[in-house]
Amino acid sequence: FKDSLLHFDFGKHTLTAKDSKRLDDLARYLKSDPEVKRIDIYGHTDNIGRKRNNDKLGRLRSQTVRDYLVSRGVDATKFKLRSHGERKPATSNRTDKGRAKNRRALVKLIK
């Protein structure tokens, strides 16, 4: 499994059905691979709104992903959560399409 990228709707931290399926697959993998020592989850937002609110939303997005994986049996002690809020955009925030790409959570597996 490579790093997983999940996208969110504007101002939301709820998972889509597509992302839930992707996380189900990831959970099965994580439970079967003892070499994964840590799971880093980075929550990101677009640049609309206050920085403080975006930091909180980024944190909620990473927590949502962690909580889902834990509910599927992944060891809760392996997670490290971070919120980058609007500080590390994947692309420009100048367009709706760009902002949509920046509303994300990145799951990185550390072996």
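Thresholds applied
Residues numbered from 1 in each chain as written. Predicted model: local features only at pLDDT ≥ 70, side-chain atom pairs only at ≥ 80, totals over all residues. Heavy atoms only, no water. Core = buried A, V, L, I, M, F, W, Y, C linked by side-chain atoms within 4.5 Å. Buried < 20%, exposed > 50% of the residue type's maximum accessible area, 1.4 Å probe, protein only. Helix = DSSP H or I, 4+ residues; strand = E, 2+ residues; numbered from the N terminus. Pairing = 2+ DSSP bridges. Axes fitted to C-alpha atoms, helices over the stretch in contact; angles between N-to-C directions. Contact = heavy atoms within 4.5 Å.

### Re the nonpolar core
Counting residues in hydrophobic clusters, the biggest one holds 18 residues, and the most contacted among them are Leu26, Leu30, Ile39, Val65, Leu69, Val107 and Leu109. Contributions of two or more residues to this core are made by α1 (17-32), β2 (38-44), α2 (51-71) and β4 (104-110).

### Remarks on the sheet that holds strand β3 (residues 79-85)
As summarised here, the arrangement of the four strands in space is β1-β4-β2-β3, forming an open sheet in which the pairing is mixed. The sheet is open, and its two borders are formed by β1 (4-7) and β3, each paired with just one other strand. Adjacent strand axes in the sheet meet at a mean angle of 15° when their direction is disregarded. With six bridges joining them, β2 and β3 adopt parallel strand pairing. Residue pairing in the sheet places tyrosine 42 in a bridge with arginine 82 of β3. Strand contacts of α1: β1, β2 and β4, with the helix running at about 155° to β1, the strand carrying the most contacts. In the packing of α2 onto the sheet, the strands contacted are β1, β2, β3 and β4, and the crossing angle to β3 comes to about 150°.

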